[in-house]
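Observations on chain architecture
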Amino acid sequence: GHPQGDHDEVEEAKRKPALQLKPAAHAEGKKEQSTDVVATLPPVDFSLPFGGSLPNLVGPEVRTISLVFPCAEERGNALNTVERFCDRTPEDVLAEIIVVDDGSSPPLTQTHLDEDVQRQYKTKVLRHTRTVGLIQAKKTGGDAATGDIIVFFDCHVAPQPEWHRSFLKLIGQNYRRMVVPQITDLDIETWTQNDKAGGGRAKCYLTWDADFKWFDSDDVYIAVISGGLLGMSRRWWFETGGYDEQMLGWGGENLDQSLRVWLCGGEIVAAEDSAVAHMWRLGTFATRARYWTVGDTAANRARAVYGWYGEFAEKLSHFPNFNMRNWGRSFGFGPWYGNVSNIWAVRDRLKCRPFAWFLHRFKSLYEDAGLIPRQVFKLREEGIGKCLRFDGSAGTSKDGLGTASLASCDGDEDHRLFWHVGNRNARTGRCCSGLRGWNTDQCLQDLGGGLFKTFVCETAGISFLQEWAVSSSTGRLASSYNDRCAEVEDGGLQEVACQQAGGSRSRWSKVSAIVPLERKLYEKAHQEHPEVFANMDKQLFAAGEAFPSRSRAICDTALGGCIELYPQAGGFERCLSIPPSHQAGAFVQDLTECTSFYVFGGALKPALAQEVCLGRFRNASTETWGIFICDGGPSQKFHRYEGAFCNEADECLAFK
């Protein structure tokens, strides 16, 4: 259904479109697909496979695409978007362009999308007489689409050539697959891609406060979509119920759609060779929004949580901006986010999986990057007995920045005193290389002005600035990147060299450790359904075989697999470790920090940086190894002997 209000024009448009379109030649005479397909949908259970080749989920051949653009007061942007997509989509592929005019006044058909434009660009216009928001505008367009695939884009984008190919291919392989293009930057003066802005982005992950953060990984799978640039089969659209009809405005629908797809038997992948340039809201006159804001984004996000999280929805109480709105329950009022029984009906009808399934499906994020920490703890400096406290609030930082300072350790109810390990260790692929504020998106990064400075956590572990840890042997709170320590001086925090004369005198300890709610619930799910997660691990392996990560693919296919390197003398107590973004390596005692290498053409290459080769710095030390541009020189050309690799300079490393 549609939101309340006068939608007579929408219903009329569905009965008699603004423009009668001539269907593509191959589609003539094709029987219209019935929305009753959901009545015969096979049940989804925990054993349903995902990822890779899914012959059992290959539906009818997909050949046509309906494009849906929700537009509110976009005018020139709408025309530019329609023109670009019509020009760059083959005529026999483009079923139609549907523009949903969401309350523009005067209507877009009277200014930029008149009948001549509609006829020229294979477009029809549906209209809401008042603005109800991007979500319901998309639902209107999606419900009216006739193509095999429905692709949703914002009304201020431009596709790159051949953008459509991956949508047809990937959805043709699996009709339950949602596809997301690479999202690049749009130059609004020329309506072309701004190549100077760098590469595209497509992947996000879900945070505990029902928000999302950009991240990167070396496979094609997407945990959470960022917004509205996506495509799916028309069949899957109707089977899953499309967008939640009770969400108004925009925001939160990406969380609902992501969980709806993953938990109910589908998957989301990035189309790595399909790019769409997007106009970002930069606060300028040209990029500002021109429509009335409607709806409640927080309520939309809460609907996604209470609709799909199950027991994990209790976690939302840790965030004041949500928890404070539950006051009405004490007085007998209904949920402030509305009734989510419509989402539960989809969940029950499709026999969707529990939320813990999603967390384990993306364990590289939630386990390996520390988002489901085994424990949270306070960081106490023993000299003055104070603890490190995050100075911001729970949830997502508005500007990505934060600080942490010394404060009293009293009060376990103050969650800002608690930290946990976070960010994947890029050398091992496991947890963890940094320290993250509990229930925040912030990780320790550097020191200045008597404070710790924090920034949005780089969950993939690619930011060496966020490599902070408390040493269990020395008690130092130190950066593994530059050998700098956090020192208490004059009541504040200063950065000092850990190994300078006298070194760091501050000693830190982890105190008041507790197992957080999210970990308890996660372990409970594992204990109650061990077979579910065991089966999923097998499926993850199979999915990795079809779409392997760079590191795993090379370790699985390289002759002899991957190895770890050690000093030739001294046994295997220290291994060679080269941090991300570093050139120089070091032999470390923590064997979880070992860098994996493989042999290629006589060179030793890091599994996670295959464009460089291992070599030795030209100095007297036999332990100064690093990675360099491959040149085939004597220090980079290795021969294998029993238990060791030696280069042509007769410098050797033990391996296993």
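Relevant structure appears above.
Presented here is a report on the structure given in the accompanying data block. Nothing here was measured: the structure is a model prediction, and the numbers come from that model.

Conventions used here
Residues numbered from 1 in each chain as written. Predicted model: local features only at pLDDT ≥ 70, side-chain atom pairs only at ≥ 80, totals over all residues. Heavy atoms only, no water. Helix = DSSP H or I, 4+ residues; strand = E, 2+ residues; numbered from the N terminus. Buried < 20%, exposed > 50% of the residue type's maximum accessible area, 1.4 Å probe, protein only. Contact = heavy atoms within 4.5 Å. Areas by Shrake-Rupley, 256 points an atom, 1.4 Å probe, with all protein chains shown as cover. Core = buried A, V, L, I, M, F, W, Y, C linked by side-chain atoms within 4.5 Å. Disulfide = S-S within 2.5 Å. Salt bridge = Lys/Arg side-chain N within 4 Å of Asp/Glu carboxyl O. Pairing = 2+ DSSP bridges. Axes fitted to C-alpha atoms, helices over the stretch in contact; angles between N-to-C directions. Parallel < 35°, antiparallel > 145°, perpendicular 65-115°, else oblique. Left-handed = near helix turned anticlockwise from the far one by under 90°. Nonpolar A, V, L, I, M, F, W, Y, C, P; charged D, E, K, R; others polar.

**Quick look at the overall build of the protein chain**
- What the protein chain contains, in helices and strands, is 15 helices and 33 strands.
- Relative to its full complement of 656 residues, the protein chain shows a buried share of 55%.
- Contacts spanning at least 24 positions in sequence make up 68% of the contacts within the protein chain whose residues lie at least 6 apart.
- When the accessible surface of the protein chain is split by element, carbon and sulfur atoms take 51% of a total near 28,500 Å².

**Regarding the nonpolar core**
- Leu67, Phe69, Phe153, Phe358 and Tyr366 are the most contacted members of the largest nonpolar core, which has 114 residues in total.
- The element that contributes the greatest number of residues to this core is helix H8 (residues 297-308), accounting for 6 residues.
- Not counting the four nearest positions on each side in its chain, phenylalanine 69 is found in contact with Thr81, Val82, Phe85, Ile97, Ile98, Val99, Val100, Phe153, Asp154 and Cys155.
- One finds Ala404, Trp419, Val488 and Trp508 within the second-largest nonpolar core, a separate group that totals 18 residues.

**A closer look at the state of the cysteines**
- Applying the stated criterion to the full structure yields 8 disulfides.
- Each sulfur of the disulfide joining cysteine 264 and cysteine 352 lies 2.0 Å from the other. Note on the cysteine 264 and cysteine 352 pair: the S-S dihedral is about 100°, so by sign convention the disulfide is right-handed. With cysteine 264 in the loop between helix H7 (253-263) and strand S11 (267-278) and cysteine 352 in the loop between helix H10 (341-349) and helix H11 (355-361), this pair connects stretches of sequence that are 88 residues apart.
- Covalently, cysteine 443 is tied to cysteine 457 through a disulfide, its sulfur atoms 2.1 Å apart. Negative torsions about the S-S bond denote left-handed disulfides, and the value of about 105° found for cysteine 443 with cysteine 457 makes this one right-handed. On the criterion of sequence distance, the pair formed by cysteine 443 in strand S17 (residues 442-448) and cysteine 457 in the loop between strand S18 (451-456) and strand S19 (468-470) is long-range, its members being 14 residues apart.

**Some points on the pattern of salt bridges**
- With the rule as written, the count across this model stands at 24 salt bridges.
- Across the pair glutamate 267 and arginine 177 runs a salt bridge whose closest N-O atoms are separated by 2.6 Å. Residue glutamate 267 is found in strand S11, and its partner arginine 177 is found in strand S6 (residues 177-187); the two are separated by 90 residues along the sequence.
- Between aspartate 414 and arginine 389 there is a salt bridge whose closest N-O contact spans 2.8 Å. Note that aspartate 414 is positioned in the loop between strand S14 (401-407) and strand S15 (419-424) and arginine 389 in strand S13 (residues 386-390), a separation of 25 residues in sequence.

**Digging into the sheet that holds strand S20 (residues 477-479)**
- The strand order across the open sheet formed by 4 strands is S19-S20-S21-S22, and the pairing between neighbours is antiparallel. The open sheet has two free edges, formed respectively by S19 and strand S22 (492-497), since each of these has just one partner strand. Each neighbouring strand pair of the sheet contributes to a mean axis angle of 35°, computed without reference to strand direction.

**Some details on the sheet that holds strand S31 (residues 638-641)**
- Strand order in this open sheet of 4 strands is S24-S33-S32-S31, and the pairing throughout is antiparallel. The open sheet has two edge strands, strand S24 (565-567) and S31, and neither has a second partner. This sheet shows a mean twist of 35° between the axes of neighbouring strands, independent of strand direction.
- Two strands pair when backbone bridges link them, and S24 and strand S33 (residues 652-655) are joined in this way by 3 bridges, in the antiparallel orientation. From the neighbouring strand, proline 567 faces S33, where its bridge partner is leucine 653.

**Points about the packing of H8 against H10**
- Running from N to C, H8 and H10 point in directions that differ by 40°, and their axes come no closer than 9 Å. The pairing of H8 with H10 is recorded here as oblique in orientation. In this structure, H8 crosses over H10, and the sense of that crossing is right-handed. The segment H8 lies against H10, with Arg303, Tyr306, Gly307 and Trp308 engaging Asn342, Ile343, Trp344, Val346 and Arg347.
- Per-class residue counts for the contact of H8 with H10 are 5 nonpolar, 2 polar and 2 charged.

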